[in-house]
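# Observations on chain architecture
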Amino acid sequence: MESLEAILEALLFASGCPLSLDKIQEVLEGVSRHEVRKIIQGLQCRYTGGGIQILEVAGGYMMATRAELHPWVQKLQRSRPAKLSRAALETLALVAFRQPITRAEIEEVRGVSVDGVLRTLFERNLIRIVGRKAVVGRPILYGTTKEFLRYFGFRDLSELPTLKEIEALTAGPGQEGEGRP
Amino acid sequence: MESLEAILEALLFASGCPLSLDKIQEVLEGVSRHEVRKIIQGLQCRYTGGGIQILEVAGGYMMATRAELHPWVQKLQRSRPAKLSRAALETLALVAFRQPITRAEIEEVRGVSVDGVLRTLFERNLIRIVGRKAVVGRPILYGTTKEFLRYFGFRDLSELPTLKEIEALTAGPGQEGEGRP
Amino acid sequence: MVFQVKLDVFEGPLDLLLHLIEKEEIDIYDIPIARITESYLEYMRMMDELDLEVAGEFLVMASTLLYIKSKMLLPSTEGEGGDMLSAEDPRAPLVERLLEYKKYKRAAAFLQEREAEQQKIFIRDAGTEGPSPLPFEASLFDLLSAFREVLQKSSSRPSLEVTRDRLSLDEKIAELANRLRKRSPLDFFSLFSLQADRGELILTFLALLELIRQGLALVRQAEPFGEIMVYRKKPSRGRIPEVPSKV
């Protein structure tokens with residue numbers, strides 16, 4: 001038999017939101033509220049001085065990092081290479097598959113202004129200016145960078161899957177094509 | 001000044017995915033890998049017997065509940081991601097043990113089309129495109145992802161047993177001995 | 001012969017063949033091809049009767065089996081007598097395929113065990129929002145530089161003499177709040193109509209700053225220099241709206 005303290009610790013850890021006493025009792029079946037409280041106090045004691053605390057908040061109990069450690073936790077979250085937004089990815093996809101391409105051409109497909117997105121892609125060194133188009137206004141032509149290949153793990157541009165290949169992998173009626181025959 | 005152990009504990013708790021040594025060093029600035037490892041060992045010790053464990057997986061460290069407690073934690077959590085179908089597992093096994101591999105090569109061994117299955121594996125982020133094969137048609141080559149390592153609890157690809165080792169592990173009595181290559 | 005009704009457990013013709021070989025305790029290196037072909041075909045008839053769609057791969061294998069069977073029936077054409085070298089055995093390629101497939105079938109079973117084991121451990125439930133990185137609030141600097149862009153873009157256009165009455169700041173604030181109520185978040189740039197004149201643009205910008213100051217709007221970007229999104233913020237009840245320190 002596992003110790004109630006260990007179970008409660010696992011529950012508090014795994015739960016994404018505050019755990020109410022009711023919920024805890026539901027999971028632990030037949031343990032009194034008083035007992036649950038006592039175990040949690042024990043856990044709180046054990047965690048004192050560490051990086052994690054067990055808080056009593058509105059709806060119940062919750063594990064959280066200690067407030068004083070906020071600078072480090074924040075650093076971790078910030079340093080995480082922010083994922084590209086959907087808008088950025090869509091724009092990048094257009095640049096990648098139709099390069100060289102002008103801003104106007106991108107906007108024509110996406111139907112929205114892509115100024116901000118292009119800037120993001122620039123800052124992250126995923127696109128570059130490859131020239132100017134020989135039309136009125138000589139608009140700037142964009143293409144992808146070496147960093148783009150690195151970011152997505154391609155050796156060179158010819159390794160990019162074609163739009164067709166991507167479609168085959170991502171679109172489709174969503175059926176698994178299994179359960180045969 | 002907060003103790004490094006407390007900070008590391010908070011980081012492990014806050015991170016939703018395995019934390020690499022590099023990342024930890026980046027946040028903790030100026031702490032050696034050796035030291036980080038030592039602190040983590042200390043934490044692992046402290047957590048022994050409790051409801052939480054610190055695992056080394058997919059190239060980093062991760063906090064998770066102890067497996068023995070799953071009956072309780074399960075009650076709490078929303079539905080887990082569906083287990084992989086046999087078709088998906090067979091296909092994934094080919095990708096994992098023969099990577100990089102093309103779709104045609106997978107189909108040759110499995111004897112069935114794997115289009116739908118590849119899509120499923122893609123959607124679950126278990127496989128990725130790693131390049132193209134230098135043969136006619138330059139077909140796409142597939143490999144496994146970090147998520148694959150995490151999903152199956154491997155530290156890195158070198159932890160995967162060889163096919164021979166698996167055979168030795170599972171070849172039950174009365175099975176035909178496969179002496180041939 | 002008793003059939004398992006769960007026909008869909010077979011992942012393909014090779015899987016079915018392996019099943020038959022194991023069930024009938026056949027030596028994989030010496031497959032009685034006539035017998036196994038018969039079992040296989042019987043299985044296919046079953047599928048047909050059950051109205052299961054028989055995938056093309058199963059038919060291909062059936063014809064392969066029949067081909068091997070016919071080859072085996074022929075007296076050795078090369079005049080080698082009955083003693084066949086295994087390399088010339090018409091069954092050899094099939095056996096090779098079966099063995100190869102079996103390896104990965106085992107590997108799949110191994111992965112399945114690992115999966116079951118791993119599903120017993122739980123990592124922290126990051127909450128309902130999913131793992132999307134917390135967008136951090138955009139600084140005033142970000143706002144200003146974005147606004148500068150808006151101005152630059154508008155000044156590059158021939159300025160239209162718009163005679164329509166300009167809204168007051170209060171009206172502009174109300175209008176903006178209304179837009180956010182309808183849809184949130186809004187792209188920062190979408191707030192500004194490039195047809196508007198400079199005064200109008202500035203007014204819009206001031207209105208946005210005022211909403212932020214009042215705690216009714218929140219400006220965030222998902223990453224440094226990322227797109228700036230304007231979120232609607234519900235007024236916190238019973239609390240004095242905080243003035244964002246950044247503004």
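If you're wondering where the values come from, they're calculated on a predicted model, not measured in any experiment. (Residues numbered from 1 in each chain as written. Chains lettered and ligands numbered in written order. Predicted model: local features only at pLDDT ≥ 70, side-chain atom pairs only at ≥ 80, totals over all residues. Heavy atoms only, no water.)

### Description of helix α1 (residues 4-14) of chain B
Counting buried positions along α1(B) gives nine out of 11 residues, so the element sits mostly inside the fold. Among the residues making up α1(B), those that are buried are B:A6, B:I7, B:L8, B:E9, B:A10, B:L11, B:L12, B:F13 and B:A14. (Buried < 20%, exposed > 50% of the residue type's maximum accessible area, 1.4 Å probe, protein only. Helix = DSSP H or I, 4+ residues; strand = E, 2+ residues; numbered from the N terminus.)

### Let's talk about the confidence of the model for chain C
All names here are of chain C. Across chain C, the average pLDDT comes to 72, with 64% of residues at 70 or higher. Confidence, read as mean pLDDT per element, is least for strand β1 (residues 136-137) in chain C (46) and greatest for helix α4 (residues 92-118) (90). The model gives residues 79-85 a pLDDT under 50, and that stretch makes three contacts with residues more than four places away or in other chains. Scoring of the predicted complex yields 0.62 for pTM and 0.69 for ipTM. (pLDDT = per-residue confidence, 0-100. Contact = heavy atoms within 4.5 Å.)

### Digging into the sheet that holds strand β4 (residues 127-132) of chain A
Residues and elements named next belong to chain A. With antiparallel pairing, three strands are arranged side by side in an open sheet as β3-β5-β4. Each of the sheet's edge strands pairs with one partner strand only, and the pair in question is β3 (101-102) and β4. As defined by bridge partners, β3 adjoins strand β5 (residues 140-144) across two bridges and the pair is classed as antiparallel. Bridging across to β5, I101 finds its partner in Y142. Packing of helix α7 (residues 115-123) onto the sheet brings it into contact with β4 and β5, and relative to β4 it is tilted by some 110 degrees. (Pairing = 2+ DSSP bridges. Axes fitted to C-alpha atoms, helices over the stretch in contact; angles between N-to-C directions.)

### Overview of the interface of chain B and chain A
Between chain B and chain A, the residue contacts involve 53 residues of the former and 54 residues of the latter. With both chains or domains summed, chain B and chain A bury close to 4400 Å², and 63% of this area falls on carbon and sulfur atoms. Our enumeration of links across chain B and chain A arrives at two salt bridges. Elements with a minimum of two residues in the side of chain B that touches chain A: α1, α2 (21-28), β2 (60-65), α4 (70-76), α5 (86-98), α7 (115-123), β4 (127-132) and β5 (140-144) of chain B. For the side of chain B that touches chain A, the per-class residue count stands at 29 nonpolar, 12 polar and 12 charged. (Buried area = accessible area lost by both parts, 1.4 Å probe. Salt bridge = Lys/Arg side-chain N within 4 Å of Asp/Glu carboxyl O. Nonpolar A, V, L, I, M, F, W, Y, C, P; charged D, E, K, R; others polar.)

### With respect to the interface of chain B and chain C
Contact with chain B, which involves 52 residues of that partner, is made by 37 residues of chain C. Taken over both partners, the interface formed by chain B and chain C buries close to 4300 Å², and the fraction arising from carbon and sulfur atoms is 59%. The interface formed by chain B and chain C holds four salt bridges in total. Between C:E100 and B:R98 there is a salt bridge, with the nearest N and O atoms lying 3.1 Å from each other. On the surface where chain B and chain C come into contact, there are 11 residue pairs in polar contact (both at pLDDT 80 or more). Of all the elements in the fold, those that place two or more residues in the side of chain B that touches chain C are α1, β1 (52-57), β2, α4, α5, α6 (103-110), α8 (146-152) and α9 (163-170) of chain B. (Polar contact = N/O pair within 3.5 Å; in protein donor to acceptor, adjacent residues only side chain to side chain.)

### A look at the environment of C:I68
Residues and elements named next belong to chain C. Among the secondary structure elements, I68 is positioned in helix α3 (residues 56-73). Along the backbone, I68 and T37 are 31 residues apart, and their C-alpha atoms lie at a distance of 9.4 Å. Sequence-distant contacts of I68, that is, excluding residues within four places in its chain, are made with I33, P90, R91 and L94.

### Side note on the sheet that holds β4(B)
Residue and element names in this part refer to chain B. Here we have three strands laid out as an open sheet, ordered β3-β5-β4, and antiparallel in their pairing. Of all the strands in the sheet, just β3 (101-102) and β4 have a single pairing partner and so form its edges. By the bridge criterion, five bridges tie β4 to β5 in an arrangement that is antiparallel. Residue R132 lies in a different strand from β5, and its bridge partner there is I140. Helix-sheet contacts for α5 involve β3, β4 and β5, and the interaxial angle to β5 is about 90 degrees. Contacts from α7 reach β4 and β5, with the element oriented near 110 degrees to β4.

### Considering the pattern of salt bridges
Enumeration according to the criterion identifies 35 salt bridges over all chains in this entry. Put simply, A:R66 and A:E68 hold a salt bridge, and the shortest N to O gap is 2.6 Å. The exposure class of A:R66 is buried, given its relative accessible area of 15%. What emerges from the salt-bridge pattern is a single network uniting B:R86, B:E90, B:R110, C:E11, C:D15 and C:K105.

### Details of the nonpolar core
Counting 54 residues, the largest nonpolar core has A:L8, A:L11, A:M63, B:L8 and B:M63 as the members making the most contacts within it. Not counting the four nearest positions on each side in its chain, A:L8 is found in contact with A:I24, A:L28, A:V36, A:I39, A:I40 and A:L43. (Core = buried A, V, L, I, M, F, W, Y, C linked by side-chain atoms within 4.5 Å.)

### Observations concerning the environment of C:R179
Residues and elements named next belong to chain C. Structurally, the position occupied by R179 is in helix α6 (residues 169-182). Spatially, the C-alpha atoms of R179 and R232 are 9.3 Å apart, while their sequence positions differ by 53 residues. When near neighbours in sequence (up to four residues on either side) are disregarded, R179 contacts L186, S190 and L191. Polar side-chain contacts of R179 include one of 3.1 Å to the backbone oxygen of S190.

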